[in-house]
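Residue strings, one per chain:
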Amino acid sequence: MGAPPNPSYWVLTTPETDYPALAGEMDVDVCVIGAGIAGLTAATLLKREGKTVAVVEGKRIVRGATGYTTAKITSGHGAIYGDLEDNFGADGARIYAESNEAALARVAQFVEEDGIDCDFERKANFVFAESQDEVPKLKKEVDAAKRAGLDVALTSETSLPFDVAGAVRLENQAQFHPRKYLLALAATIPGDGSHVFERTIAQDVKGTTVRASGGTVRAKDVIVATHLPFEDSGLFFTKAHVHRSYAVAAPIDASAAPDGMFINSGTPTRSIRTIPDGDRLLLQVGGEGHKIGDEEDPAQRYRTLEEYLGEHWPQAGPVEYRWSTQDYMSVDRVPYIGRLRRTSGHVLTATGFSKWGMTGGTLAAMLLSDGILGRANPWADLYEAKRIKPKASFKRFVSGNVSAGKHFVADRLRSDDVDIESLGPGDGAIVRKGAHKRAVYRDETGALHALSPVCQHLYCHVIWNPAEQSWDCPCHGSRYSGDGQVIQGPTVKPLKRLDLT
Ligand SMILES: Cc1cc2nc3c(=O)[nH]c(=O)nc-3n(C[C@H](O)[C@H](O)[C@H](O)COP(=O)(O)OP(=O)(O)OC[C@H]3O[C@@H](n4cnc5c(N)ncnc54)[C@H](O)[C@@H]3O)c2cc1C
Ligand code: FES
């Protein structure tokens, strides 16, 4: 698997890992596929309960969405509790709050018990409105969040450098460095019959046997924690739709930095936090989310965030870090956690964290490990992966699938109007010659790579992303490096190589 070209602050400030690849056959209690926050937390919990586990990661651990996140650990997921009450009732909203608070507490407990140095800091979380029109929505949110048991208040006082019409303040939340935290957890997994494997791509799951590059893992239970399940007989790709967002970070004097974690309730989204960076502080601003394939100029997304940061915090230094990633949005804002297939209680999955996977991935791990350990969990019904909530889901279900369907057809007809010779190093384009299309990329050495544009997941056509120098699939979010290697699933196969002529 390849790597994205804009490494995140989290990736750049932590060591590269070097776990072995799987070689041969083995037996364990649980095989966990995917080493992001969901997979590594589940593996850690299960190992500590006496199970033997094998973590199977296609690239290096914590280099997927979790290595590129904003890393707020909060139950304040934008203005969500009003919607949850409407769609899942007051009990549903309460369980959502309770389970996310428990996930936050679980992270805090790991940090405390293991003495993990991961810049874990308690902060208040703010959901702010810039216009008076949004205030009624915030009032509804505060009432619903209070009924759900959260310690919230409506305020107009924040440490942001501009006035807000109102803000929901939620106490005692947290932020951290996700890779420092998870690399420390991962280091506790190998030994006593448990393993972490990197550069090992799972190819399929038959029963509870995982066939992967390099070998086979026979297990009693399997957790597919690959962000979107790569093995998707449950058709999760029809109800978890991919959305990409961007982040920039610049140094700032502590006296000018806001204290807290912030996200607006309107659009375009602006998500704000500070990052302790040794003896200095960075300010991170994220947002500019969009569906994959709907953006002509992704580099502009970074420029827009840089302008926002510079306009509101003129004291900040120049932007030093830029990164982006994507997450899967569930159709009713609640993650899917449970059985991958209706027919088996031993192949489990978690997806659709809707950009709140720090708590979502942790609570998924808690729920799935409870299931494997045979313990009843009172949150299981809310997150049930096979649920159907037509009222809450219909609009987003249709819009997500219409979008994928539109790309399946339209991207087959489209090609970029460029001459191959005009491609500079690091450029890519879809080039048509007669009836045939090729995804052509010129690498930094000047060599040309000709690939089939057909995504190896479900055969949509990829498009070139110049900001990330990747081939992105607009249907379900697979990403490939310029030379066609897999950066991100659900695909497990690279783009096919073609002859340039
Ligand atoms: C811009 C942005 C900002 C965000 N900010 C926040 C935030 O502030 N707070 C918050 O709570 N959430 C946030 N999120 C959401 C959060 O980052 C994600 O929900 C979470 O990281 C997903 O974790 P995961 O473990 O499911 O997936 P990942 O971290 O992507 O892990 C999946 C792993 O599976 C591996 N894999 C895939 N296929 C295979 C295969 N076939 N074989 C082996 N391995 C495979 C991948 O390589 C990857 O390492 C944000 C999301 C975005 C997009
Ligand atoms: S990711 Fe599903 S077709 Fe490409």
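Just so we're clear, the structure is a prediction, and the values are computed from it rather than from any experiment.

### Description of the nonpolar core
Formed by 82 residues in total, the largest nonpolar core has its most connected members in Leu40, Ile61, Tyr81, Phe176, Tyr181, Ile223 and Tyr383. Top contributing element to this core by residue count: helix α3 (residues 81-114), with 12 residues. Both domains that meet at this core, namely domain 1 (18-69 + 180-238 + 333-397) and domain 2 (72-87 + 119-174 + 245-322), each give it at least three residues. Core analysis: the second largest hydrophobic core is formed by 31 residues, Ile201, Ile292, Val331 and Leu340 among them.

### So, the packing of α3 against helix α4 (residues 135-147)
Two quantities define a packed helix pair, namely the angle between the helix axes and the distance between the axes. Remark: α3 packs on α4, axes separated minimally by 7 Å, with the N-to-C direction vectors making an angle of 65°. In terms of their interaxial angle, α3 and α4 are classed as roughly perpendicular. In contact with Tyr81, Gly82, Glu85 and Asp86 of α3, α4 contributes Lys140, Glu141, Ala144, Ala145 and Arg147.

### Comments concerning the sheet that holds strand β21 (residues 436-442)
Across a sheet, strands are paired by hydrogen bonds formed along the backbone, either parallel or antiparallel in direction. Taken together, 3 strands build an open sheet; the order of strands is β20-β21-β22 and the sheet is antiparallel. The sheet terminates laterally at β20 (428-433) and β22 (448-451), the two strands that pair on one side only. This sheet shows a mean twist of 30° between the axes of neighbouring strands, independent of strand direction.

### Some thoughts on the site of ligand 1
Around ligand 1 there are 36 residues in total, and Glu57, Thr66, Lys72, Asp327 and Met358 lie nearest to it. Residue Thr69 places a side-chain N or O atom 3.0 Å away from an oxygen atom belonging to ligand 1. Elements with a contribution of two residues or more to the shell around ligand 1: α2 (37-48), β17 (321-330) and α7 (357-372). Residues of the shell around ligand 1, tallied by class, amount to 16 nonpolar, 15 polar and 5 charged.

### Thoughts on the side chain of Arg341
Following the sequence through the fold, Arg341 ends up in the loop between β18 (336-339) and β19 (347-351). A relative accessible area of 15% means that Arg341 is categorised as buried. Polar contacts involving the side chain of Arg341 include one to the main-chain carbonyl oxygen of Val205, which spans 2.8 Å.

### Quick look at the environment of Ile272
Positionally, Ile272 belongs in strand β15 (residues 270-277). Look at Ile272 and you get buried, because its relative accessible area is 0%. Separated by 16 residues in the primary sequence, Ile272 and Ala256 place their C-alpha atoms 14 Å from one another. Aside from chain neighbours lying at most four places away, what touches Ile272 is Lys72, Phe128, Leu160, Pro258, Gly260, Met261, Phe262, Leu283, Gln284, Val285, Tyr308 and Trp313.

Thresholds, definitions, all that
Residues numbered from 1 in each chain as written. Chains lettered and ligands numbered in written order. Predicted model: local features only at pLDDT ≥ 70, side-chain atom pairs only at ≥ 80, totals over all residues. Heavy atoms only, no water. Core = buried A, V, L, I, M, F, W, Y, C linked by side-chain atoms within 4.5 Å. Buried < 20%, exposed > 50% of the residue type's maximum accessible area, 1.4 Å probe, protein only. Helix = DSSP H or I, 4+ residues; strand = E, 2+ residues; numbered from the N terminus. Domains from an automatic or database assignment. Axes fitted to C-alpha atoms, helices over the stretch in contact; angles between N-to-C directions. Parallel < 35°, antiparallel > 145°, perpendicular 65-115°, else oblique. Contact = heavy atoms within 4.5 Å. Pairing = 2+ DSSP bridges. Near = heavy atom within 4 Å. Polar contact = N/O pair within 3.5 Å; in protein donor to acceptor, adjacent residues only side chain to side chain. Nonpolar A, V, L, I, M, F, W, Y, C, P; charged D, E, K, R; others polar.

From the geometry alone we can't say anything about function, so treat these as descriptive.
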